[in-house]
There are 4 protein chains.
Amino acid sequence: MLYFENDYTEGACPEVLEHLIKTNNEKLAAYGFDKYSISAREKIKAACDCPDADIYFLTGGTQTNRVVIGSMLRPYEGVIAAVSGHINQHEAGAIENSGHKVLALPHKDGKINADTLRDYIKAFYADGTYPHMVFPGMVYISHPTEYGTLYTKDELKQLHEVCSFYNIPLYMDGARLGYGLMAEGTDVTMADVAKYCDVFYIGGTKVGALCGEAVVFTKKNTPAHFLTLTKMYGSMVAKSRINGVQFDRLFTDDLYFEISKKAILTAKKLREILKSKNYPFFIDSPTNQLFPILENSTIERITKDVKISIWEPYDENHTVVRFATSWATTDEDVDALAELL
Amino acid sequence: MLYFENDYTEGACPEVLEHLIKTNNEKLAAYGFDKYSISAREKIKAACDCPDADIYFLTGGTQTNRVVIGSMLRPYEGVIAAVSGHINQHEAGAIENSGHKVLALPHKDGKINADTLRDYIKAFYADGTYPHMVFPGMVYISHPTEYGTLYTKDELKQLHEVCSFYNIPLYMDGARLGYGLMAEGTDVTMADVAKYCDVFYIGGTKVGALCGEAVVFTKKNTPAHFLTLTKMYGSMVAKSRINGVQFDRLFTDDLYFEISKKAILTAKKLREILKSKNYPFFIDSPTNQLFPILENSTIERITKDVKISIWEPYDENHTVVRFATSWATTDEDVDALAELL
Amino acid sequence: MLYFENDYTEGACPEVLEHLIKTNNEKLAAYGFDKYSISAREKIKAACDCPDADIYFLTGGTQTNRVVIGSMLRPYEGVIAAVSGHINQHEAGAIENSGHKVLALPHKDGKINADTLRDYIKAFYADGTYPHMVFPGMVYISHPTEYGTLYTKDELKQLHEVCSFYNIPLYMDGARLGYGLMAEGTDVTMADVAKYCDVFYIGGTKVGALCGEAVVFTKKNTPAHFLTLTKMYGSMVAKSRINGVQFDRLFTDDLYFEISKKAILTAKKLREILKSKNYPFFIDSPTNQLFPILENSTIERITKDVKISIWEPYDENHTVVRFATSWATTDEDVDALAELL
Amino acid sequence: MLYFENDYTEGACPEVLEHLIKTNNEKLAAYGFDKYSISAREKIKAACDCPDADIYFLTGGTQTNRVVIGSMLRPYEGVIAAVSGHINQHEAGAIENSGHKVLALPHKDGKINADTLRDYIKAFYADGTYPHMVFPGMVYISHPTEYGTLYTKDELKQLHEVCSFYNIPLYMDGARLGYGLMAEGTDVTMADVAKYCDVFYIGGTKVGALCGEAVVFTKKNTPAHFLTLTKMYGSMVAKSRINGVQFDRLFTDDLYFEISKKAILTAKKLREILKSKNYPFFIDSPTNQLFPILENSTIERITKDVKISIWEPYDENHTVVRFATSWATTDEDVDALAELL
């Protein structure tokens with residue numbers, strides 16, 4: 001069986017696993033004060049070129065979104081997101097459960113446009129009844145988006161400018177950040193992310209770790225008593241080494257970027273194969289997720305040998321599917337898949 | 001100055017005020033057990049032709065929506081509403097603050113279509129990832145809608161059927177229910193409302209009372225310990241007589257319906273005047289709210305003498321406005337307004 | 001039947017009712033912007049000798065506590081209260097439902113002692129694990145307390161000093177504030193309350209109004225967008241006149257204080273009668289609530305003719321009961337009760 | 001340096017780590033459907049002698065308490081716990097943040113007594129004002145308790161009977177369950193736990209795992225859509241293998257019990273040493289946590305070479321401390337500690 005279903009099929013990448021093994025018997029402090037968490041923070045600061053960054057490790061993307069958004073919003077505020085945003089679609093109402101509305105904006109290829117955003121906020125304050133409405137209190141974007149697409153540096157800068165003007169934070173969900181930063185043609189670096197976002201998270205679960213995401217507050221803007229808030233939200237682990245050790249390794253010797261690059265290369269290879277076989281694409285995504293449109297009969301045939309994700313119906317006879325590569329995907333996997341297509 | 005801004009400009013209608021005065025010195029039980037609350041419940045049951053109805057009095061539409069929706073939904077459920085629905089636009093995130101997502105559907109003239117609803121729920125359960133999504137747990141409609149429009153009996157029946165099929169309650173926000181039931185051409189009676197809705201509320205604030213809304217559970221489906229829930233939500237008043245006395249009078253001698261009818265008649269007169277003067281309408285609403293499109297210069301001119309609501313910009317030179325009548329609006333008021341137009 | 005069960009048995013006191021009647025047909029603004037709300041705010045500011053006060057009208061004590069506490073606390077904070085405090089015992093978990101813990105302190109006659117408070121907060125910060133605990137974020141007291149007792153001016157000053165030292169607000173629940181301020185022997189004025197408390201509310205429901213409580217923020221410390229928060233909590237009424245008119249009258253010609261004084265005098269008369277008949281008291285309360293200990297047989301006998309509140313069992317044969325007077329209690333009522341005792 | 005500070009200083013126990021390594025490259029399903037989670041569930045069912053058990057894996061004790069309690073309570077209910085209970089003291093208000101009050105009962109050595117419990121619930125329903133109060137909706141105990149003490153089988157049975165009578169679930173926090181079950185003199189087996197508790201969790205974090213706790217619903221009483229609820233609460237991990245693999249190994253060949261036994265034996269050895277040296281104990285705890293009372297000067301002296309937990313001040317010159325052993329503690333560690341004492 002071939003596996004292109006998603007990017008969380010394996011455990012940790014070998015180097016990360018090795019670090020877990022090597023440090024397993026060390027006696028370490030708990031609750032984020034272990035030396036590997038401390039070391040990982042320094043390495044991430046360097047990678048972000050953001051010496052002021054304040055960094056916390058959490059476990060899972062929905063958890064991270066819930067804790068960050070819930071901690072930064074005031075009670076009367078909601079979070080602006082694309083209709084297609086993960087928090088609006090696939091987090092089982094986690095944001096609302098923490099008391100906040102997701103203010104859904106139309107999207108283009110999963111992205112929010114700065115003009116659309118500005119118009120929305122302008123219209124909000126222009127409406128005389130706005131005290132009866134949910135205040136825009138934050139902007140949530142993902143990079144890559146749900147559709148595997150990417151913001152350009154200029155688009156990020158523009159979003160940043162709108163947010164700055166209205167004094168609300170820009171938050172980036174980086175569940176697959178590595179794959180975004182290593183995509184071909186992108187002009188966005190991790191330093192740009194740190195520069196333009198007030199807070200973002202670096203996903204580990206889908207990029208080489210067994211678990212773990214690193215939240216980065218970039219503007220000396222960590223919510224007061226954030227550690228206590230993570231406890232209150234049920235998101236603090238006693239053995240914080242589990243995340244600390246993994247991120248310590250991911251951010252040593254550019255491992256995070258190198259394994260991401262690997263996934264980008266296998267995705268590129270697969271993209272070219274699909275194109276050469278004239279499969280149309282639902283969307284043009286430069287990252288590790290590809291969204292070709294397949295005939296239903298093709299899907300039926302190949303899924304005996306390959307696991308893929310069904311994305312959404314396209315028409316009566318066609319369906320959008322997702323092929324995802326990861327650090328674990330090999331050229332041989334792609335070749336074997338090519339045989340089936 | 002003339003007042004067509006909204007339908008909550010005055011205090012109570014004279015008969016209701018009289019009842020408050022007459023009963024003021026009586027020694028009455030608290031927390032909903034006063035004899036007028038008990039009597040009002042019986043009268044409302046009769047008006048609904050629903051002997052099984054269970055009735056509670058609350059204070060304010062947003063409060064009522066929050067308490068009813070928050071009490072009926074399970075934590076993993078959200079409430080379906082039209083994008084234009086009051087809970088989705090103008091309740092400051094009250095529903096989300098109670099932990100639930102508003103699942104916004106496209107609307108036609110403020111209304112949800114039964115087919116749209118069915119398709120939405122069908123698609124939800126057809127999506128393999130639905131356990132990661134917010135479950136549809138209730139349908140919220142308003143009658144009249146935000147645009148003053150009305151469901152037909154058949155439309156209500158169809159919504160009821162979809163809800164029954166999926167075993168989720170249909171909830172009607174009746175902030176202006178009286179104006180809806182007394183509109184010309186409607187085939188919906190209060191008994192129909194009770195028959196097709198699992199729960200609804202009869203608005204008092206905008207229909208003759210100083211305050212107060214009556215929640216009606218129609219299918220022996222009151223949430224367990226609902227009284228305690230109203231306390232928990234900060235919605236229980238000690239002197240429950242305040243709502244009980246008012247509803248007792250509103251549902252004596254058809255007062256609720258008669259004062260609603262009065263507002264419908266003045267609205268009708270005004271509608272005809274507007275039509276005769278060739279003002280276009282943004283929407284065709286048969287109730288006490290009219291939404292003509294006025295030239296901005298007209299608005300500037302008339303608002304020296306009449307208070308109206310600015311609804312939304314129409315084009316550069318025109319604006320949608322709202323004229324609302326109420327039980328307190330007189331023919332003379334309409335005549336005076338006609339002079340200005 | 002005689003009524004000493006509680007102080008919310010009647011409607012509004014005559015002067016308040018008169019003001020409601022007189023203003024009923026005036027066309028007034030909504031949502032707190034009506035002229036009577038505005039006027040009432042000015043009169044309350046004067047009565048508090050606090051020109052900076054910011055005042056909002058809400059409906060019901062639990063609602064008020066929920067909105068004020070929920071709006072002032074940060075998510076990681078709880079509210080300190082006496083174990084016997086209303087928010088800890090009789091508000092159906094309203095505070096917890098808004099996400100905050102009630103941090104219960106031991107009480108003496110319903111009151112919190114400043115030393116106990118200081119020790120508690122000191123011990124909190126001295127405990128190395130405090131980041132895993134709920135932060136003390138506010139102090140809640142009631143005046144009069146649940147037992148009808150009162151703080152002295154010096155006690156309030158001391159509580160204020162502890163709160164100031166730790167930079168947390170002192171909040172007074174004044175559901176029966178009038179009865180407290182008019183009690184014999186108290187040295188606390190409304191200006192003292194405004195001086196020592198960061199926020200308090202003046203109860204109307206139990207002191208002459210049909211409904212309504214006035215929240216007073218005394219230190220330019222109103223939570224941002226408080227109006228929106230009241231909407232979000234389902235606590236905003238469209239016809240804000242209902243509270244505005246009542247408080248406008250209550251704070252004209254010292255009405256609030258005069259009717260409170262009346263209740264104090266009838267309570268005093270009753271207290272003396274009970275003492276002369278050698279009924280022991282569970283607690284010595286100088287306000288409108290008396291807590292004598294009655295033989296169970298006496299209770300059985302008199303409750304055929306008088307309504308009282310059963311407070312708590314005292315021993316096998318005795319029970320603590322509550323007699324409450326109000327602005328509506330007459331000397332004749334007390335005389336008639338005396339006959340029964 | 002010696003480590004007796006707590007039982008979460010190391011990573012995973014060697015066998016668990018080995019299993020993580022061995023399975024790391026397998027392609028596994030996500031969100032709890034991986035084969036190791038499935039296998040672990042079967043092994044736990046067998047260990048509990050509870051074929052009907054329904055089992056979920058979560059990450060962290062506070063998270064588990066929050067999710068289980070938040071999912072099982074109705075909005076008007078609170079959870080009964082000992083004043084000393086972890087949820088009442090050291091979870092940063094996680095339960096209240098999910099909307100529920102912790103109803104704190106007095107404790108004896110960290111335990112709730114069945115009679116105290118029954119009296120509390122009886123008194124609740126005997127109080128005529130109970131609809132204004134938080135309903136008792138669940139009983140939370142820990143085993144071992146915060147003080148390392150244990151319930152007897154008979155005590156569990158009695159708690160179970162009270163809970164059954166009032167139809168509320170009994171929930172056991174088993175963060176250190178292994179150490180409880182392996183203690184000398186206990187008559188409680190895991191099958192007893194499953195029999196008398198409606199739900200409990202088996203702590204992994206403190207008993208051999210890097211992370212992970214197993215929630216066991218024992219009476220076909222899993223809350224509807226519990227998987228969705230874990231997502232909503234931000235508690236679902238994509239790579240569920242992380243918990244599945246660890247529990248699969250912990251419940252193979254009685255590993256969970258054997259490593260627990262090891263900690264019990266080193267604790268026993270240390271207890272005897274402390275006794276022989278005449279150190280008094282604050283509490284007599286038969287599990288892996290010992291609470292001797294040390295002179296402050298002794299503490300100052302030994303903490304240069306050993307890490308311990310400061311529990312609470314005893315008197316001016318003495319302090320209660322905690323020595324904790326774990327699966328990783330060796331006889332040599334205890335011998336070395338003995339040298340210092």
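Residues numbered from 1 in each chain as written. Chains lettered and ligands numbered in written order. Predicted model: local features only at pLDDT ≥ 70, side-chain atom pairs only at ≥ 80, totals over all residues. Heavy atoms only, no water.

Let us now look at the interface of chain A and chain D. Contacts between the two partners involve 41 residues from chain A and, on the opposite side, 41 residues from chain D. Overall, the association of chain A and chain D removes approximately 3800 Å² of surface from exposure, summing both partners, and the carbon and sulfur fraction of that is 58%. On the chain A side of the interface with chain D, the three residues burying the most area are Lys27, Met232 and Lys239 of chain A, jointly 19% of the side's total. Our enumeration of links across chain A and chain D arrives at two salt bridges. Across the pair Lys27 of chain A and Glu10 of chain D runs a salt bridge, and its minimum N-O distance is 2.4 Å. Here chain A and chain D share 26 residue pairs in polar contact (both at pLDDT 80 or more) between them. Elements represented by at least two residues in the side of chain A that touches chain D include exactly helix H1 (14-23), helix H3 (61-72), helix H5 (94-97), helix H10 (226-232) and helix H11 (241-250) of chain A. Along the lines of polarity and charge, the residues of the side of chain A that touches chain D split into 19 nonpolar, 14 polar and eight charged. (Contact = heavy atoms within 4.5 Å. Buried area = accessible area lost by both parts, 1.4 Å probe. Salt bridge = Lys/Arg side-chain N within 4 Å of Asp/Glu carboxyl O. Polar contact = N/O pair within 3.5 Å; in protein donor to acceptor, adjacent residues only side chain to side chain. Helix = DSSP H or I, 4+ residues; strand = E, 2+ residues; numbered from the N terminus. Nonpolar A, V, L, I, M, F, W, Y, C, P; charged D, E, K, R; others polar.)

Here we take up the pattern of salt bridges. Residue and element names in this part refer to chain D. Taken as a whole and assessed by the stated rule, the structure comprises 56 salt bridges over all chains. For Arg118, the salt bridge goes to Asp115, with nearest N and O atoms at 2.9 Å. Of this pair, Arg118 and Asp115 both sit in helix H6 (residues 114-126), separated by three residues, roughly a single helical turn. On the basis of relative accessible area, Asp115 is assigned to the partly exposed category, the value being 41%. (Buried < 20%, exposed > 50% of the residue type's maximum accessible area, 1.4 Å probe, protein only.)

All names here are of chain A. Counting buried residues along strand S7 (residues 199-203), five of its five residues qualify, which places the element largely inside the surrounding structure. The side-chain alternation of S7 yields two buried faces, one formed by Val199, Tyr201 and Gly203 and the other by Phe200 and Ile202. As paired elements, S7 and strand S8 (residues 213-217) share five bridges and run antiparallel to each other. Bridge pairing in S8 places Tyr201 opposite Val215. (Pairing = 2+ DSSP bridges.)

Here H6 of chain D spans 18 Å end to end across 13 residues, near enough to the 18 Å set by a 1.5 Å rise per residue. Looking at the buried positions of H6 of chain D, the neighbouring elements they touch are strand S3 (77-82), strand S4 (102-105), strand S5 (135-142) and helix H7 (153-166) of chain D. (Expected span 1.5 Å × (residues − 1).)

With respect to the helices and strands, the residue Glu146 of chain C is situated in the loop between strand S5 (135-142) and helix H7 (153-166). Glu146 of chain C has contacts with Ser84, Gly85, His86, Phe291 and Trp311 of chain C, leaving out every residue within four places of it along the chain.

Looking now at the relation of the copies chain A and chain D. Rotating chain A by 180 degrees about the axis while translating it 0.0 Å along that axis superimposes it on chain D, leaving an RMSD of 0.0 Å. Given the turn and translation reported, the copies of this chain are related as if by a two-fold rotation axis. Most of the interface of chain A is mirrored in chain D: 100% of its interface residues are interface residues there too. (Least-squares fit on C-alpha atoms with pLDDT ≥ 70 in both.)

This brings us to the side chain of Glu96 of chain D. Along the chain, the position of Glu96 of chain D falls in helix H5 (residues 94-97). The contact partners of Glu96 of chain D, leaving out residues within four places of it in the chain, are Glu96, Gly99, His100 and Lys101 of chain C together with Val102 of chain D.

Quick look at the environment of Thr325 of chain A now. Residue and element names in this part refer to chain A. Of note, Thr325 is situated in the loop between strand S13 (318-324) and helix H14 (331-340). Sequence-wise, Thr325 and Tyr179 are 146 residues apart; in three dimensions their C-alpha atoms are separated by 9.8 Å. In terms of polar contacts, Thr325 uses its side chain to reach the backbone carbonyl oxygen of Ala263, at 2.7 Å.

Another point: helix H14 (residues 331-340) of chain C. Residues and elements named next belong to chain C. Residues of H14 that are buried include every one of Val334, Leu337, Ala338 and Leu340, and no others. Along the axis of H14, the buried residues cluster in a sector spanning 155 degrees; they form a single face. Exposed side of H14, more than 90 degrees from the buried face: Glu332 and Glu339 are the residues found there. On its buried face, H14 sits against strand S1 (2-3), helix H12 (255-276), helix H13 (296-302), strand S11 (306-307) and strand S13 (318-324). (Arc of directions from axis to C-beta.)

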